[in-house]
Amino acid sequence: MQVQAQVQLKNLNTLNLSAIASHYVQINHPDDVIEALNFAEQHNLNALILSGGSNVLLPQQIQALVLHLNIQGINVLAEDENTITVKVGAGQVWHDFVLYSTQQQWFGLQNLALIPGLVGASPVQNIGAYGVEVGEFIDSVQVYDRQLKVFDSISGSDCHFAYRHSIFKDYPNRYIIVSVTFKLLKKADLKLSYGDLKQAVGEEFTAENLQNQVIHIRQSKLPDPKEFPNVGSFFKNPILTEAEFGKIAQHFPNIPHYPQAHSNVKVAAGWLIDQTGWKGKQLGSVGMFDKQALVLVNYADATLADVKNTYQTVQSDVKQKFNIQLEPEPVLYSEQGLIQAHHV
Ligand code: EPU
């Protein structure tokens, strides 16, 4: 394990924010976690866990030890007539694992193709797209528990998965995910309920075709972070009570919405932002993408302050027009390397 000083993380976060870490170490094996945490403790530093960097907002200077998770490995643990249980290192690239699973004829994750980031981050915000959330296929998550100072395995049901939420969001600085164990299907059960996916898939009901169509739809709407640095959807789709929704729908009957449990209603943040005129609009070097208003883009060397300036203006415009408070999706870090609440 080799700790490096003053490391630029610009190429390690997909929003390309310039962020210098006072200390940085790559974690290639679960045991490295303990060594790294000991180092942090000895040097009086917090530990910041960096995965694929596709859902983080980093300040310009970080006085902390950044643990860059790079644990590899895909191991089949068990198999029965209908399912296969496979343990995957936190550092595996998510999309590559999805492609591999499809090649192996393991089914379930095809709707989640092309989501940026690494496997270890997938349970944290319970990544989801096109009618599927990863939590549906997680058997357990292997973690290092910083509070109890032990390695542990948390069952899928104990992860309390919900829309863009899990136990890892409830206890933000507690767990370091070292691997994720998935339970995938051996018989395809294609999920085609979302929007125009069914039409795109047509008559070819194969997992490969479903995966290809998802890739195609994403590429047509969402910017490639290599070309337009971004963190995917910047805000969560707000979940309103029936009464709150009713009031808004009276004035805006076309608002795209999706029924949820307990009579709640999820509304499309992209549409709300679009309606305020922010689609394709910039404030300084940061703007909302012209094909998907929910995606914030760093067009030229923005800092975290520039990003905040734009997203807070978007929030306030949406609040003014719809009386809805948008909540950012990416995780915000302090200069001391701790996860922070977004200020409302
Ligand atoms: N819309 C607009 N204008 C826009 C963008 C969207 O009017 O500029 C409308 C669309 O016409 C549609 C609705 O809003 O009626 C929803 O748009 P879309 O289908 O593109 O999905 P989304 O709700 O914006 C969510 C996820 C995405 C995921 C897609 C597909 C969240 C926060 N975002 O986006 O996830 O890929 O559905 O399932 O839940 C991510 O989390 O980073 C992400 C990309």
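Residues numbered from 1 in each chain as written. Predicted model: local features only at pLDDT ≥ 70, side-chain atom pairs only at ≥ 80, totals over all residues. Heavy atoms only, no water.

### Observations regarding the overall build of the protein chain
- The secondary structure content of the protein chain amounts to eight helices and 21 strands.
- Scaling as 2.2 N^0.38, a compact globule of 344 residues should have a C-alpha radius of gyration of about 20 Å, and the protein chain matches this with 20 Å.
- Among the 344 residues that make up the protein chain, the fraction classed as buried is 51%.
- Within the protein chain, contacts between residues separated by at least 24 positions form 62% of all contacts whose residues are at least 6 apart in sequence. (Helix = DSSP H or I, 4+ residues; strand = E, 2+ residues; numbered from the N terminus. Rg over C-alpha atoms; globule rule 2.2 N^0.38 Å. Buried < 20%, exposed > 50% of the residue type's maximum accessible area, 1.4 Å probe, protein only. Contact = heavy atoms within 4.5 Å.)

### Thoughts on the sheet that holds strand 20 (residues 331-333)
- With mixed pairing, three strands are arranged side by side in an open sheet as 4-20-21. Where the open sheet ends on each side, the last strands, each with one partner, are strand 4 (56-57) and strand 21 (339-340).
- Bridge analysis of strand 20 against strand 21 gives two bridges, and the strand direction is antiparallel. By the bridge assignment for strand 21, L332 is matched with Q340. (Pairing = 2+ DSSP bridges.)

### Comments concerning the side chain of H68
- Relative to the elements of secondary structure, H68 occurs in strand 5 (residues 61-69).
- When its relative accessible area of 12% is taken as the criterion, H68 is described as buried.
- Excluding anything up to four places from it in sequence, H68 contacts L12, Y24, V25, Q26, I27, L50 and S51.

### Focus on unusual backbone geometry
- Located in the positive-phi region is N44, a residue other than glycine, with phi close to 60°.
- Along the chain, the position of N44 falls in the loop between helix 1 (30-42) and strand 3 (47-50).
- One non-glycine residue, L114, adopts positive backbone phi at about 70°.
- Here L114 shows up in the loop between helix 2 (94-103) and strand 8 (128-129).

### Remarks on the site of the ligand
- Within the structure, the ligand sits among 24 residues, and Y130, Y163, Y194, D274 and Q292 are positioned closest to it.
- At a separation of 2.8 Å, an oxygen atom of the ligand approaches a polar side-chain atom of Q292.
- Burial of the ligand by the protein amounts to 81% of the accessible area it has alone, namely 830 Å².
- When residues of the shell around the ligand are assigned to their parent elements, the largest contribution, three residues, is made by helix 7 (residues 269-275). (Near = heavy atom within 4 Å. Polar contact = N/O pair within 3.5 Å; in protein donor to acceptor, adjacent residues only side chain to side chain. Areas by Shrake-Rupley, 256 points an atom, 1.4 Å probe, with all protein chains shown as cover.)

### Observations regarding the side chain of H342
- Examined against the element boundaries, H342 turns out to sit in the segment after strand 21.
- Here the side chain of H342 touches Y311 through a polar contact of 3.2 Å, side chain to side chain.
- A distance of 2.8 Å separates the side chain of H342 from the backbone oxygen of P330, its partner in a polar contact.
- In this structure H342 touches L57, Y311, P328, P330 and L332, once residues within four positions along its chain are discounted.

### Here we look at the packing of aromatic side chains
- On inspection of all chains with the given rule, the structure shows 15 aromatic pairs.
- On the basis of an interplanar angle of 65° and a centroid distance of 6.3 Å, the ring pair of W94 and F97 is categorised as edge-to-face. Of this pair, W94 and F97 both sit in helix 2, separated by three residues, roughly a single helical turn.
- Classification of W94 as buried rests on a relative accessible area of 1%.
- Where Y144 meets F151, the ring centres are 5.0 Å apart and the plane angle is 65°; that geometry is what we call edge-to-face.
- Joined through ring pairs, the aromatic side chains of W94, F97 and F182 make up one cluster.
- The lysine or arginine in question, R174, covers the ring of Y171, its NZ or CZ lying 5.7 Å from the ring centre. (Phe/Tyr/Trp six-rings, centres within 6.5 Å; stacked < 30°, edge-to-face > 60°. Lys NZ or Arg CZ within 6 Å of the ring centre and 35° of its normal.)

### Details of the environment of F151
- Mapping F151 onto the fold places it in strand 11 (residues 150-155).
- C-alpha separation for the pair F151 and P30, spaced 121 residues apart in sequence, amounts to 9.0 Å.
- Not counting the four nearest positions on each side in its chain, F151 is found in contact with P30, I34, V143, Y144 and V178.

### Regarding the pattern of salt bridges
- Taken as a whole and assessed by the stated rule, the structure comprises seven salt bridges.
- Close ionic contact of K10 with D301 constitutes a salt bridge, the shortest N to O distance being 2.7 Å. One end of the pair, K10, is in the loop between strand 1 (4-8) and strand 2 (20-27); the other, D301, is in the loop between strand 19 (295-298) and helix 8 (304-322), with 291 residues separating them in the sequence.
- In this structure, E329 and R164 form a salt bridge, with 2.8 Å as the shortest nitrogen-oxygen distance. Of the two residues, E329 sits in the loop between helix 8 and strand 20 while R164 sits in the loop between strand 11 and helix 3 (167-170), which places them 165 residues apart along the sequence. By the burial criterion, E329 is buried, and R164 matches it. (Salt bridge = Lys/Arg side-chain N within 4 Å of Asp/Glu carboxyl O.)

### Let's talk about the pairing of strand 5
- When you tally the buried positions in strand 5, you get seven out of nine residues, the bulk of the element.
- As defined by bridge partners, strand 3 adjoins strand 5 across four bridges and the pair is classed as parallel. Bridging from a neighbouring strand, L50 pairs with H68 of strand 5.

### So, the packing of helix 2 against helix 5 (residues 207-221)
- Relative orientation of the contacting elements helix 2 and helix 5 amounts to 155°, with a least axis distance of 10 Å. Relative to helix 5, the element helix 2 lies roughly antiparallel. Note on packing geometry: the crossing formed by helix 2 with helix 5 is left-handed. From helix 2, H95, V98, L99 and T102 reach across to helix 5, where they touch A207, E208, Q211 and I215.
- When its residues are assigned to classes, the contact of helix 2 with helix 5 shows four nonpolar, three polar and one charged. (Axes fitted to C-alpha atoms, helices over the stretch in contact; angles between N-to-C directions. Parallel < 35°, antiparallel > 145°, perpendicular 65-115°, else oblique. Left-handed = near helix turned anticlockwise from the far one by under 90°. Nonpolar A, V, L, I, M, F, W, Y, C, P; charged D, E, K, R; others polar.)

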